[in-house]
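Fold and geometry: a report
Residue-level listing of the chains:
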Amino acid sequence: QQPVQSPQAVILREGEDAVINCSSSKALYSVHWYRQKHGEAPIFLMILLKGGEQKGHDKISASFNEKKQQSSLYLTASQLSYSGTYFCGTVTGTASKLTFGTGTRLQVTL
Amino acid sequence: DAGITQSPRYKITETGRQVTLMCHQTWSHSYMFWYRQDLGHGLRLIYYSAAADITDKGEVPDGYVVSRSKTENFPLTLESATRSQTSVYFCASSESAAVEFGEQYFGPGTRLTVT
């Protein structure tokens, strides 16, 4: 079953912050985040493993709440280059497959 | 060239024809995957392979066949193409021994249109 992402789309001005949420109806083993620019392949951002770990690099970070079966991606001081569609992928305890959400389209404007 | 490549990049075929999409990676990654991407559905897993000669179904395997005789190649065949198989197909690979830990590297995609 696909994880649910919210919001479906968001428009930001450069320098603003955004949060993208990913929730699952099943217990999560890991959460993966990818970004895809229009017409290109998805690019890996980060993996979070169960245990409430928070990761990040530069101004993009993520958290993982195992109890709530949720993960959130935080983009701070957004840049034009952050525009694209963000996908979360989840691995549940029942199968070693990555199941992607339907994506969140992020547009950063001047 | 190093990396993961897909061919063809664009394909138009007719309903009922057999089509094979190729995927090749130069990293000797164990895991390889096939996804399809459609508006409103995100990326959906068709088949995956943990190693040569080991394949397993994903979420949407019906109408597709895969094989993996060599580690570096993972072709996807549509046995009798249907219009509902019009999509963008991505191949991916991962060096991790387990899907839950591994970054996946995606190929550039194949845009397939079935008329």
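Residues numbered from 1 in each chain as written. Chains lettered and ligands numbered in written order. Predicted model: local features only at pLDDT ≥ 70, side-chain atom pairs only at ≥ 80, totals over all residues. Heavy atoms only, no water.

To continue, consider the interface of chain A and chain B. Between chain A and chain B, the contact holds 21 residues from the first and 22 residues from the second. For the pairing of chain A and chain B, the buried interface totals around 1800 Å² over both sides, and the portion due to carbon and sulfur atoms is 61%. Our enumeration of links across chain A and chain B arrives at zero salt bridges. Remark: the boundary between chain A and chain B carries four residue pairs in polar contact (both at pLDDT 80 or more). Broken down by secondary-structure element, the contributors of at least two residues to the side of chain A that touches chain B are β4 (28-36), β5 (43-49), β9 (84-92) and β10 (99-100) of chain A. Ranked by residues supplied to the side of chain A that touches chain B, first place goes to β4(A) with five residues. Here the side of chain A that touches chain B is built from residues that sort into 11 nonpolar, eight polar and two charged. (Contact = heavy atoms within 4.5 Å. Buried area = accessible area lost by both parts, 1.4 Å probe. Salt bridge = Lys/Arg side-chain N within 4 Å of Asp/Glu carboxyl O. Polar contact = N/O pair within 3.5 Å; in protein donor to acceptor, adjacent residues only side chain to side chain. Helix = DSSP H or I, 4+ residues; strand = E, 2+ residues; numbered from the N terminus. Nonpolar A, V, L, I, M, F, W, Y, C, P; charged D, E, K, R; others polar.)

Turning to the layout of surface pockets, a few remarks are in order. Here the largest pocket defines a volume of roughly 840 Å³. Taken together, 31 residues line the largest pocket, and the ones lying closest to its centre are A:Q36, A:H38, A:R105, B:Q37 and B:L39. Sorting the residues of the lining of the largest pocket by element identifies β9 and β11 (104-109) of chain A together with β4 (31-38), β9 (87-94) and β11 (110-114) of chain B as the ones contributing at least two each. Here the residues of the lining of the largest pocket are counted per class, giving eight nonpolar, 17 polar and six charged. (1 Å grid on protein atoms, 1.4 Å probe; cavity = no way out; pocket = protein on both sides within 12 Å on 5 of 7 lines; lining within 4 Å. Points joined across faces, edges and corners; volume = space filled by probe spheres on them.)

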